[in-house]
Amino acid sequence: MTNVSDAQNVASLRTKGYAHSKLDLASDWELFAESWDNLRPDTYMADGGEYRVRRYSEFSVNGTTGAANLLPHVAYRQERDVNHLNGGIDRLYEPFESRVVDSDALARAFATSAAYLEAVRPGRTWKAQCFQNRIMSTPNEIGHPAPEGVHRDGVDFVLTLFVDRVGAQGGVSSVYTLRTRACWQKRSWRSPENTSSSTIRKLMHGVTGLSLEEGQEIGHRDVLIAMFTVVED
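Being a predicted model, the structure only gives us computed values, none of them experimental.

Draft legend 1. Layout of the overall build of the protein. Within the protein, the regular secondary structure consists of four helices and 15 strands. Per-residue burial over the protein gives 52% buried out of 233 residues. Partitioning the intrachain contacts of the protein with sequence separation of at least 6 by distance along the chain shows that 80% fall at a separation of at least 24. In the form shown here, the protein has an accessible surface area of approximately 11000 Å², with 48% of it arising from carbon and sulfur atoms.

As structure tokens, then:
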């Protein structure tokens, strides 16, 4: 299990609901990142956008050990009070490929997340609802990493792991307080080991649109999202 040595980050997660850290890259990181080239179109976009491709799988994560087990494949669902754009329906996506499920990179991401979760809420088992997301931008379409706008995901914690960015600008992530919607943190990620953890029941978050860098014909931004909900006995 990964030990959380950054007491400041743990304190930030406990008090403010947000922490930003760096992940030591696994030896198979490049193969892990290449799997984003084989995602599938999101056909459930209510705004008619064609800018998102993704895969979805669920895992059980032991907060004490950091061990993760793949759960049976199911559809993803959010209700409309959480996601006014795409909520209220079952969305069945293609699952993670076996090379991703079995990768050291994913295991390291889960272990790092579990260490933070254990520091904040010890002795728990977590359900992790996970997306591989690629948001694309073209001359005819701006990509929207958060098309529903500033929102909450209705879970306990969220890990965002930045994977790659090519030919695109924008995509600035912001975290807001739930009560006043005051912006507490803004960040534009460019390094593949950048991670953030948020207590989403305390916070809301949003991401600005993605546009092309000058001279580019297509661009994209790749992230792994893991949404953790404690499994009650």
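From this point, the discussion proceeds with the structure in view.
Draft legend 2. Structural view of the packing of aromatic side chains. Summed over all chains, the structure comprises ten aromatic pairs. The interplanar angle of 45° and the centroid separation of 5.4 Å between the aromatic rings of Trp29 and Phe32 together place this pair among those described as tilted. Taken as a pair, Trp29 and Phe32 lie in helix H2 (residues 29–34) at a separation of three residues, close to a single helical turn. Assigned by exposure class, Trp29 and Phe32 land together as buried. Taking 4.7 Å as the distance between ring centres and 40° as the angle between the ring planes, the aromatic pair formed by Tyr56 and Phe131 counts as tilted. Placement of Tyr56 in strand S3 (residues 52–62) and of Phe131 in strand S7 (residues 125–137) is noted, with a sequence separation of 75 residues between them.

Draft legend 3. Geometry of the pattern of salt bridges. Per the stated rule, a full pass over the model turns up eight salt bridges. As a salt-bridge pair, Glu97 and Arg99 come within 3.1 Å of each other at their nearest N and O atoms. We classify Arg99 as partly exposed; its relative accessible area is 40%. Put simply, Asp156 and Arg121 hold a salt bridge, and the shortest N to O gap is 3.9 Å. In this pair, Asp156 is assigned in the loop between S7 and strand S8 (157–166) and Arg121 in the loop between helix H4 (104–120) and S7, connecting sequence segments 35 residues apart. Connected through salt bridges with shared partners, the residues Asp37, Arg134 and Asp222 form a single ionic network.

Draft legend 4. Geometry of the pairing of S3. Of all eleven residues making up S3, nine are buried, and the element is well covered by its neighbours. Here strand S2 (residues 40–41) pairs with S3 via two bridges, running antiparallel. Directly across from Pro41, in S3, lies its bridge partner Val53. Strand direction decides the pairing type here: S3 and S7, joined by eleven bridges, are antiparallel. Its bridge partner lying in S7, Arg55 is registered against Gln132. Hairpin connection between S3 and strand S4 (residues 68–70): a loop of five residues separates the two successive antiparallel strands, and Gly66 in this loop has a positive phi of roughly 80°.

Draft legend 5. Geometry of the nonpolar core. Formed by 34 residues in total, the largest nonpolar core has its most connected members in Phe32, Phe59, Val61, Leu106, Phe110, Leu224 and Phe228. Of all the secondary-structure elements, those providing two or more residues to this core are helix H1 (7–15), H2, S3, H4, S7, S8 and strand S15 (219–230). If one sorts the elements of this core by residue count, H4 sits on top with seven residues. In this structure, Phe59 is in contact with Asn69, Leu70, Leu71, Phe96, Val101, Leu106, Phe110, Trp126, Lys127, Ala128 and Cys130, ignoring residues within four places of it in sequence. Membership of the second largest hydrophobic core comes to ten residues, among which are Tyr56, Tyr76, Val155 and Val223.

Draft legend 6. Summary view of H4. Taking 1.5 Å of rise per residue, the 17 residues of H4 would be expected to cover 24 Å, and the 24 Å separating its terminal C-alpha atoms lies within 8% of that figure. With twelve of 17 residues buried, H4 is to be regarded as a mostly interior element. Those residues of H4 that fall on the buried side of the exposure criterion are Ala105, Leu106, Ala109, Phe110, Ala111, Thr112, Ser113, Ala114, Ala115, Tyr116, Leu117 and Glu118.

Draft legend 7. Quick look at the environment of Gly123. Structurally, Gly123 can be placed in the loop between H4 and S7. You can call Gly123 exposed: its relative accessible area is 57%. Along the sequence, Gly123 and Thr64 sit 59 residues apart, while their C-alpha atoms lie 5.9 Å from each other. Other than its neighbours up to four places away in sequence, Gly123 contacts Thr64 and Glu118.

Conventions used here
Residues numbered from 1 in each chain as written. Predicted model: local features only at pLDDT ≥ 70, side-chain atom pairs only at ≥ 80, totals over all residues. Heavy atoms only, no water. Helix = DSSP H or I, 4+ residues; strand = E, 2+ residues; numbered from the N terminus. Buried < 20%, exposed > 50% of the residue type's maximum accessible area, 1.4 Å probe, protein only. Contact = heavy atoms within 4.5 Å. Areas by Shrake-Rupley, 256 points an atom, 1.4 Å probe, with all protein chains shown as cover. Phe/Tyr/Trp six-rings, centres within 6.5 Å; stacked < 30°, edge-to-face > 60°. Salt bridge = Lys/Arg side-chain N within 4 Å of Asp/Glu carboxyl O. Pairing = 2+ DSSP bridges. Core = buried A, V, L, I, M, F, W, Y, C linked by side-chain atoms within 4.5 Å. Expected span 1.5 Å × (residues − 1).

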